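# Descriptive analysis of the structure
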Amino acid sequence: MKKNLIGKDHRLGILGGGQLGRMFIQAAINYNIDVHIMENDADAPSASSATSFTLGDITNFDDVMKFGASLDVLTVEIENVNIDALYQLEKQGVKVYPQARVLEIIKDKGIQKEFYKKNDLPTSEFSFTENIDNLEAKLPFVQKIRTGGYDGQGVQVVKSKADLNSLFKGASIIEELVPFTKELSVIVARNENGETEAYQTVECQFNEVNLVEFLFSPANVTDEIEQRAVKLAINVIEKLDMIGILAVEFFLLENGDLLINEIAPRPHNSGHHTIECNATSQFEQHLRSILNLPLGSTEMIRYGAMINLLGAENHFGKAIYHGLEKTISLPCVYVHLYGKTQTKPNRKMGHITVTNSSLEEAKKSASSVKELIKVIS
Ligand code: ADP
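Anyway, here's the lowdown on the structure attached to this text. For clarity, every value in this text was computed on a predicted model and none was experimentally measured.

### As for the environment of Leu324
Tracing the backbone shows Leu324 in helix α9 (residues 324–328). It is 9.1 Å that separates the C-alpha atoms of Leu324 and Val369, two residues lying 45 residues apart in sequence. Other than its neighbours up to four places away in sequence, Leu324 contacts Val335, Leu337 and Ile373.

Have a look at this one:
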């Protein structure tokens, strides 16, 4: 029987049921596409909007096999999944995008760094803990756990001899401490036909626990830096021979050099503004890329700033969005709550995008929003 390229003829699944899956579902609904989710928390953000929700462990071989076997296309919203099962599903004819091979490179920050080196992609100097005799000689440095780190967890700056006593246990990479002037990100998509489309470079400001506090679109950089960042991002997705959407995070140095910090093969926090600011959102673009549809225009239609709604310090329990009504009385403020009932400090509970015809005004508006709203218990 002939299948429609768009619509319910596809069985599409996601490993992971967080906010990324939830926003992906919002995009898929417009194309009348069902989305099946597996996650081990029945209250996960996408549980209520998925076509079907399977309770299961995305790191467990049998659970992933069982969930994936009946799908046409399987994607992920987190890298830490069972890769062996994904290889097996690929052999059985399931389209796994991003591919198991790509996830294997990215999941381990050590293998990821070696990939950059092998492919002449600029990144900071690094070594592996097991190969270093004298860590003190490397000070100051950044220690990163090779696998399982997320949202800044598993990353620490080690400045002094005393800090050496609180190193993370486990296989890590030791990176030089990069004196960057800005952190930039480019999101790029690629489909089976090899078509690529990149969004304009954005600028991210992180808080003290390494979570994005503000995002500005586009980044305030020269055209030359903008073009170089986009070219590098396309180069990375092509060298990976990857299908899907990829976020490429950069450090911009004083002299204009760009170093790749890390990559994420899925929709990303640095692309949330695309829902309101660009002709095609990153979620729709991911959908288009994994179904081998024509990629959408990434044209910017409004300047934007995004803030993450993070759980306030010292607040644990049922989430209250204090100041939300005042916030939405401001013009061009777009609220995205992720449906997490319980808050805790720095938990990502939602995000807000503000748009404007001027970047400066969007930034001002984002600062006001930041002051107005708090996630408390
Ligand atoms: P995660 O995968 O948890 O997001 P990252 O590798 O992106 O971790 O690191 C989190 C943050 O730590 C970065 O956004 C940056 O601010 C800082 N950081 C990471 N690596 C370095 C480095 N080599 N030099 C300086 N700062 C760094």
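### Looking at the site of the ligand
Neighbouring the ligand are 18 residues; Gly152, Glu175, Val178, Glu183 and Glu262 lie closest to it. Here a nitrogen atom of the ligand and a side-chain polar atom of Glu175 are 2.8 Å apart. Within the contact set of the ligand, a nitrogen atom lies 2.8 Å away from a backbone nitrogen or oxygen of Val178. Going through the elements one at a time, β7 (141–145), β9 (172–176) and β15 (258–264) are the ones with two or more residues in the shell around the ligand.

### What to know about the sheet that holds β9
If you walk across this open sheet you meet the 4 strands as β6-β9-β7-β8, and the pairing is antiparallel. With partners counted over all chains shown, the strands left at the sheet margins are β6 (126–128) and β8 (155–158), one partner each. Shown here is a sheet whose adjacent strand axes are inclined to one another by a mean of 25 degrees, direction ignored. Contacts from helix α5 (residues 109–118) reach β6, β7, β8 and β9 within the one sheet, and its direction differs from that of β6 by about 135 degrees.

### A few points about the packing of aromatic side chains
What describes a pair of aromatic rings is the distance from one ring centre to the other and the angle between the planes of the rings. All chains considered together, the criterion is met by 4 aromatic pairs. Taking 5.9 Å as the distance between ring centres and 15 degrees as the angle between the ring planes, the aromatic pair formed by Phe214 and Phe216 counts as stacked. Its end group placed over the ring of Phe128, Arg146 keeps NZ or CZ at 4.3 Å from the ring centre.

### What to know about the nonpolar core
In this structure, Leu240, Leu246, Phe250 and Ile263 are the most contacted members of the largest nonpolar core, which totals 28 residues. Among the elements that make up this core, the one with the highest residue count is helix α6 (residues 223–240) (8 residues). If near-sequence neighbours (up to four positions away) are discounted, Leu240 is found in contact with Arg101, Val102, Ile105, Ile106, Phe115, Leu246 and Ile263. If you look at the next biggest cluster of nonpolar residues, it comprises 22 residues, including Ile243, Leu287, Ile290 and Leu291.

### A short note on the state of the cysteines
According to the stated counting rule, one finds 0 disulfides in the structure shown. Counting only cysteine sulfurs, Cys277 is the nearest neighbor of Cys204, a cysteine outside any disulfide, at a range of 13 Å. A relative accessible area of 8% means that Cys204 is categorised as buried. Distance from the sulfur of Cys277, which forms no disulfide, to the nearest cysteine sulfur (Cys332) is 10.0 Å. A relative accessible area of 0% means that Cys277 is categorised as buried.

### Points about the pattern of salt bridges
Here the structure, examined in full by the defined rule, presents 14 salt bridges. For Glu203, the salt bridge goes to Lys182, with nearest N and O atoms at 3.3 Å. Separated by 21 residues along the polypeptide, Glu203 in strand β12 (residues 202–206) and Lys182 in strand β10 (residues 182–190) bring together distant segments of the chain. On the basis of relative accessibility, which here comes to 7%, the residue Glu203 falls in the buried class. Between Arg288 and Glu284 there is a salt bridge; the shortest N-O distance is 2.9 Å. Here Glu284 and Arg288 lie together in helix α8 (residues 282–290), a separation of 4 residues that amounts to about one turn. Where salt bridges share partners, they join Asp108, Glu130 and Arg146 into one cluster.

### Observations regarding the sheet that holds strand β1 (residues 12–15)
Strand order in the open sheet made by the 5 strands is β3-β2-β1-β4-β5, with parallel pairing throughout. With one partner strand each, in any of the chains shown, β3 (52–55) and β5 (95–96) form the two edges of the open sheet. Where strand β4 (residues 73–76) lies against β5, 2 bridges are found, and the strand directions are parallel. Opposite Leu74, over in β5, you have Val96 as the bridge partner. Taken strand by strand, helix α1 (residues 19–30) contacts β1 and β2 (35–39), and its axis lies near 170 degrees from that of β2.

Reading guide: rules and limits
- Residues numbered from 1 in each chain as written.
- Predicted model: local features only at pLDDT ≥ 70, side-chain atom pairs only at ≥ 80, totals over all residues.
- Heavy atoms only, no water.
- Helix = DSSP H or I, 4+ residues; strand = E, 2+ residues; numbered from the N terminus.
- Contact = heavy atoms within 4.5 Å.
- Near = heavy atom within 4 Å.
- Polar contact = N/O pair within 3.5 Å; in protein donor to acceptor, adjacent residues only side chain to side chain.
- Pairing = 2+ DSSP bridges.
- Axes fitted to C-alpha atoms, helices over the stretch in contact; angles between N-to-C directions.
- Phe/Tyr/Trp six-rings, centres within 6.5 Å; stacked < 30°, edge-to-face > 60°.
- Lys NZ or Arg CZ within 6 Å of the ring centre and 35° of its normal.
- Core = buried A, V, L, I, M, F, W, Y, C linked by side-chain atoms within 4.5 Å.
- Buried < 20%, exposed > 50% of the residue type's maximum accessible area, 1.4 Å probe, protein only.
- Disulfide = S-S within 2.5 Å.
- Salt bridge = Lys/Arg side-chain N within 4 Å of Asp/Glu carboxyl O.

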